[in-house]
Amino acid sequence: MSWEGQMGTMVRYLIDDVDPNNYTYSDHRIETTILVAAQLSQLSVDFEQDYDVNVENCTLEPDPTNTNPEDKAFITLIVLKTACIIVGGSIRGESGNAISIKDGPSAIDLRRVTATLTALYKDLCAKYDQAVIDYKAGRSIGGQAILGPYSPGSDYVSRNNYGGPRAGGYFDY
């Protein structure tokens with residue numbers, strides 16, 4: 001199975017578009033959105049593998065699903081970003097259907113029609129953002145971001161962990 005199949009299936013499950021007899025989104029739309037997500041993600045994430053993304057020709061090289069080992073981090077991040085883009089577009093499309101009609105005791109209120117989609121969008125985007133943070137942190141030296149040589153925390157530790165209670169403080173000369 002190529003990247004289109006594997007990543008497309010994952011996206012379809014995230015956006016709940018899994019009935020093959022009644023897809024909401026065409027395979028081509030899913031594939032091009034995956035490529036758009038890959039292009040956008042490469043601007044903010046430094047992946048270990050360089051990928052050539054061509055949205056016009058609908059190509060992604062090398063195939064992240066056909067490498068040894070499979071590039072699971074790239075696949076996961078791009079699938080989450082793709083789902084976020086698609087659901088965000090659905091919200092914009094459905095927001096035009098937000099109407100309220102009252103006729104005597106009867107009422108139809110579709111103003112909250114996008115509430116479920118908005119919750120899904122926020123959840124998917126939050127998961128993508130957290131996955132990016134986890135990916136970036138996982139590729140660093142443990143604790144480096146917290147206690148690097150120039151961080152305020154390490155400065156406090158180095159100035160206050162030797163001698164008496166005030167030894168090494170900023171204002172002790």
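Summary of the structure given here.

Each value, and the rule that gives it
- Residues numbered from 1 in each chain as written.
- Predicted model: local features only at pLDDT ≥ 70, side-chain atom pairs only at ≥ 80, totals over all residues.
- Heavy atoms only, no water.
- Helix = DSSP H or I, 4+ residues; strand = E, 2+ residues; numbered from the N terminus.
- Buried < 20%, exposed > 50% of the residue type's maximum accessible area, 1.4 Å probe, protein only.

Attention now goes to unusual backbone geometry. Here Glu61 and Pro62 are connected by a cis peptide whose omega angle stands at -10°. Relative to the helices and strands, Pro62 is located in the loop between strand S2 (59–61) and helix H3 (72–94). In this structure, Pro69 follows Asn68 across a cis peptide bond, with omega equal to 0°. As for its position among the elements, Pro69 is in the loop between S2 and H3. With a phi angle near 60°, Asp16 is a residue other than glycine that sits in the positive phi range. Note that Asp16 resides in the loop between helix H1 (3–14) and helix H2 (27–44). The phi dihedral of Cys58 is positive, around 55°, even though this residue is not glycine. Checked against the element boundaries, Cys58 lands in the loop between strand S1 (52–54) and S2. Since its relative accessible area comes to 17%, Cys58 is described here as buried.

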